[in-house]
Structure formats: C-alpha cells, structure tokens
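# Structural features, examined
Listed here are the chains, written in short residue letters.
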Amino acid sequence: MRASRLLSLLLLLQTRGRMTARDLADELEVSVRTVYRDVESLSAAGVPVYADRGPDGGYRLLEGYRTRLTGLTTGEAESLFLSGMPGPASQLGLGDVVAAAELKLMAALPPDLRSRAARIRERFHLDAPGWFRAPDDVPHLQPVADAVWNQQRIRVLYRRWARPQQVERVLEPIGVVLKAGTWYLIARTHHPDAQPTDTEQPDAQPTDTAPAHAAPPRTYRVSKILTLQPLPQRFERPPGFDLAAYWDAYAARFEADSYRDQATVRLNPNGLQRAALLMPPVMARAVHDNAGPPDPTGWTTVTLPVESLRHAHVEFLKLGADIEVLDPPPLRAMMADTARALADRYLH
C-alpha cells in the first residue's frame, strides 16, 4: 500500500510539477505529516525531490528528471480495456487512434497481464444506449469535436422545439457529452454585435483569439444541428469550467423541471411490479420510494411526479387495469374517457 502511494506521489510531481504538501495530501487522501514522511523516503531512495519555500513554494522534482517506474497493476491494466468505447470513439473520428493505442498498450504489458487484459474484451461488452431506440444520426459530430478541441467558433443552423424552429447561432463549443447513446454539445452563444471591451481591439484579425461576448453555457443536441460552418475566430474557455459538474447539475435541473406536476394513484401488486419496468426512471423511483403499506384489498396509494396530464395519461395506460388514478380530477376523467372508448370499441 505504501509503495503504491509513493509511486503515486512521484507521478503526481512528474505530471503536475510543483505541488504543496496540502495538495499532495488531498490527492492521496492522507495527512500532511504522511506526505512529509513519504517525501523523505523518496529522497532517501535517491529521487531528487526538492522543497521550495515561500507562499508559492511546494515540492518539485529536479528539472528534467523522469521516472520509468510507471508499471500498471493487474487491476489497472484490466480497467483500461474495460473502459474502452470503440463505438463512440469511431463517431468522434478516433476509432483508429484508440485501436492503435490499445495495440501499443498490449505490446507493452508483460505476458500475464496481456492475457488477463485480453480476456476482458472476450467476456465484457459495454452497450450504453437504451433498448428500442435507433441511434441519433450525427453527421456533424466530428466537426463539433474538432471545434471543442481547437476552441474554435462555429456557425450552426439548429432545429429546436420552439418557434421559429430553425435558428442560426454562433457558438463557442466547450464540451461534448454522450448520454444514453445521445450526443450533446455544451456551448456558449456568441454575440458578435456586442460592444468591444476596453482591452479588445475592434480591428483585431479574425484568426486572433477573441474575447468572450457570450452567454452562460447551454446544452444542444448534436443531431439537431442541420448545418455547421467552422469560423476562423478562436475563443477562451470559461476559467475553471468543469464539464462533469456542469452536466450533473444540468441533468438534475432538467429532471426537476420536466416533472413539475403530481398525480396520486392506486396500484395493485401486479401494477407495482410492472411500474418498475414500464414507467420512466423518475416515476419508477417514486413508486419504489413513496409506496406505503397496501390496504386490506392489496392496493397501494402512491403520489408520483409527472411531466403533464397528457404525459401521465399515456404512461398510466401502459398499466391497464392495474392502476387507478385518484387525483387530479382532470387526469382521472381522461382515463375514464379512454376506458369508455375502449369498451365501446371492443364490447359492441
């Protein structure tokens, strides 16, 4: 355990440069005193670790020093092959690169690790998209990815739900996310008509990195991009932008905003089981979390979040006679109307 920590400390200094004892302790999840002892051990072993004093100080390696002690453990080697994404990598135009990297990694592993890593591919396969849906057609994904990587503005024609449905936008792409088989672009909208700041030169060359006249980041579905034109201007990424944190917050906000209404229903035992399979995840979780004890007839009353009455009507019809809507009255009336129409259709 300590040997692994010493190697991690050495690699942190090699890859990140100067780091304080507190930074190292936070990364390694140990105390500052443990970092002091580990640094002393590395120095005693001949590793040129130096301490710089002062407010900007910290530990660093001698300039130019590199270690070859980067061997992978068995679990690390296996996890690298398990985390491979050949499908998404191909969509991004990186399929050949990923394949070549895996071949090089295989060649560098000792025979026993090579054999174990190869078995990962034979025995585990990751298929992220959900069932019963075709993947999005994303002809502009590679240009989007290039723009994200090169911090280059793009002009897109985008199809949205609101009217007018087709809008033109100049975007500053700052990230791409793959969620359940669907690609999303995180970008700021650039406002070319904004007035220049005091530090911006109005006659700057278009190839210069331009300052940001941009709104906060927004989320765009890549398959809804109808046309894309790369622009010569580059842009500065938002300082400290954390793509994973942004996406987590966006997903939570999207879910909360989508399910603003509520419905109270009764479910029999069969309905409780089928709800977990047929309802959207948010509603299925609510059935599991909110279900109380059944009444003497075996039915359970549950309050569920719903997107709208129309959406709830469709979802509840999947459960047939295993569900009864109690509230709100308009939704109960919609279910009753459908039940009468079905009875008229099939009983006459």
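A quick note: this is a predicted structure, and the numbers were derived from the prediction, not measured.

## Section: the sheet that holds strand β9 (residues 261-267)
Strand order across the open sheet formed by three strands is β10-β9-β11, with antiparallel pairing between neighbours. The sheet terminates laterally at β10 (300-306) and β11 (323-327), the two strands that pair on one side only. Averaged over all pairs of adjacent strands, the angle between their axes in this sheet comes to 35°, without regard to strand direction. Inspection of the sheet shows β9 paired to β10 by seven bridges, in the antiparallel sense. By the bridge assignment, Thr-264 is partnered in β10 with Thr-303. The strands that helix α11 (residues 281-290) touches are β9 and β10; relative to β10, the one it contacts most, it runs at about 145°.

## Considerations on the confidence of the model for the protein
Per-residue confidence for the protein gives a mean pLDDT of 82; residues scoring 70 or more make up 77%. Scored below 50 in pLDDT, residues 194-212 shows 22 contacts in the model against residues more than four places distant or in partner chains.

## A word on the environment of Gly-175
Note on placement: Gly-175 falls in strand β4 (residues 166-179). Taking the relative accessible area as the measure of exposure, Gly-175 reaches 2% and is therefore buried. For the pair formed by Gly-175 and Trp-149, sequence separation is 26 residues and the distance between their alpha carbons is 8.5 Å. When neighbours within four sequence positions are excluded, Gly-175 is seen to be in contact with Val-148, Tyr-184, Leu-185, Ile-186 and Leu-243.

## Considering the pattern of salt bridges
Tallying each qualifying case throughout the model produces 15 salt bridges. In this structure, Arg-16 engages Glu-27 in a salt bridge whose closest nitrogen and oxygen atoms are separated by 2.7 Å. A residue pair is termed long-range when its members are at least 10 positions apart, and Arg-16 in helix α1 (residues 2-16) and Glu-27 in helix α2 (residues 21-28) qualify at eleven residues. Arg-16 sits in the partly exposed class, given a relative accessible area of 48%. We classify Glu-27 as partly exposed; its relative accessible area is 38%. The salt bridge partner of Arg-340 is Asp-337, with a shortest N-O separation of 2.4 Å. Placement of both Arg-340 and Asp-337 in helix α13 (residues 329-347) is noted, with a separation of three residues, approximately one turn of the helix. Since its relative accessible area comes to 44%, Asp-337 is described here as partly exposed. Beyond isolated ion pairs, a larger network of salt bridges with shared partners links Arg-266, Asp-295, Glu-324 and Arg-332.

## Looking at the side chain of His-313
Looking at where His-313 falls in the secondary structure, it is placed in helix α12 (residues 309-317). Look at His-313 and you get buried, because its relative accessible area is 14%. Of the polar contacts made by the side chain of His-313, one reaches the side chain of Thr-338; its length is 2.8 Å. Leaving out residues up to four positions away in the same chain, His-313 has contacts with Leu-331, Met-334, Met-335 and Thr-338.

## A short note on the nonpolar core
Formed by 21 residues in total, the largest nonpolar core has its most connected members in Val-265, Leu-267, Met-279, Met-283, Leu-304, Phe-316 and Ile-323. For this core, the secondary-structure elements that each account for two or more residues are β9, α11, β10, α12, β11 and α13. Element by element, the count of residues in this core is highest for α11, at five residues. With residues up to four places along the chain from it excluded, the contact list for Ile-323 reads Val-265, Arg-266, Leu-267, Met-279, Trp-299 and Phe-316. Membership of the second largest hydrophobic core comes to 18 residues, among which are Leu-10, Leu-12, Met-19 and Val-35.

## Let's talk about the pairing of strand β2 (residues 58-61)
Sheet topology places strand β1 (residues 49-52) next to β2; four bridges connect them, and they run antiparallel. When the bridges of β2 are listed, Val-49 appears paired with Leu-61. What sits between the antiparallel neighbours β1 and β2 is a turn of five residues, in which Gly-54 has the positive phi angle 100°.

## Describing the packing of α1 against α2
Contact pair α1 / α2: the axes reach a minimum separation of 11 Å and the direction vectors enclose 125°. Relative to α2, the element α1 lies oblique. Both α1 and α2 take part in a crossing whose hand is right-handed. From α1, Arg-5, Ser-8, Leu-9, Leu-12, Leu-13 and Arg-16 reach across to α2, where they touch Leu-24, Glu-27 and Leu-28. Here the residues of the contact of α1 with α2 are counted per class, giving five nonpolar, one polar and three charged.

## Brief notes about the packing of aromatic side chains
Enumeration over the complete set of coordinates arrives at six aromatic pairs. Arranged with centres 5.2 Å apart and planes meeting at 90°, the rings of Tyr-158 and Tyr-220 form a pair that is edge-to-face. Taken together, the residues span a long stretch of sequence, with Tyr-158 in strand β3 (residues 152-159) and Tyr-220 in strand β7 (residues 218-221) at a distance of 62 residues. Across the pair, Tyr-220 and Tyr-158 agree in class, each one buried.

## Some points on α13
For α13, with 19 residues, the first-to-last C-alpha span of 26 Å sits near the 27 Å given by 1.5 Å per residue. Turning to α13, its buried residues number three or more, namely Leu-331, Met-335 and Thr-338. Buried residues of α13 fall within an arc of 60° about the axis and therefore sit on the same side. Summarising the geometry of α13, the exposed residues directed more than 90 degrees from the buried face are Pro-329 and Leu-347. In the core, the buried residues of α13 are packed alongside β9, α12 and β11.

Thresholds, definitions, all that
- Residues numbered from 1 in each chain as written.
- Predicted model: local features only at pLDDT ≥ 70, side-chain atom pairs only at ≥ 80, totals over all residues.
- Heavy atoms only, no water.
- Pairing = 2+ DSSP bridges.
- Helix = DSSP H or I, 4+ residues; strand = E, 2+ residues; numbered from the N terminus.
- Axes fitted to C-alpha atoms, helices over the stretch in contact; angles between N-to-C directions.
- Contact = heavy atoms within 4.5 Å.
- pLDDT = per-residue confidence, 0-100.
- Buried < 20%, exposed > 50% of the residue type's maximum accessible area, 1.4 Å probe, protein only.
- Salt bridge = Lys/Arg side-chain N within 4 Å of Asp/Glu carboxyl O.
- Polar contact = N/O pair within 3.5 Å; in protein donor to acceptor, adjacent residues only side chain to side chain.
- Core = buried A, V, L, I, M, F, W, Y, C linked by side-chain atoms within 4.5 Å.
- Parallel < 35°, antiparallel > 145°, perpendicular 65-115°, else oblique.
- Left-handed = near helix turned anticlockwise from the far one by under 90°.
- Nonpolar A, V, L, I, M, F, W, Y, C, P; charged D, E, K, R; others polar.
- Phe/Tyr/Trp six-rings, centres within 6.5 Å; stacked < 30°, edge-to-face > 60°.
- Expected span 1.5 Å × (residues − 1).
- Arc of directions from axis to C-beta.

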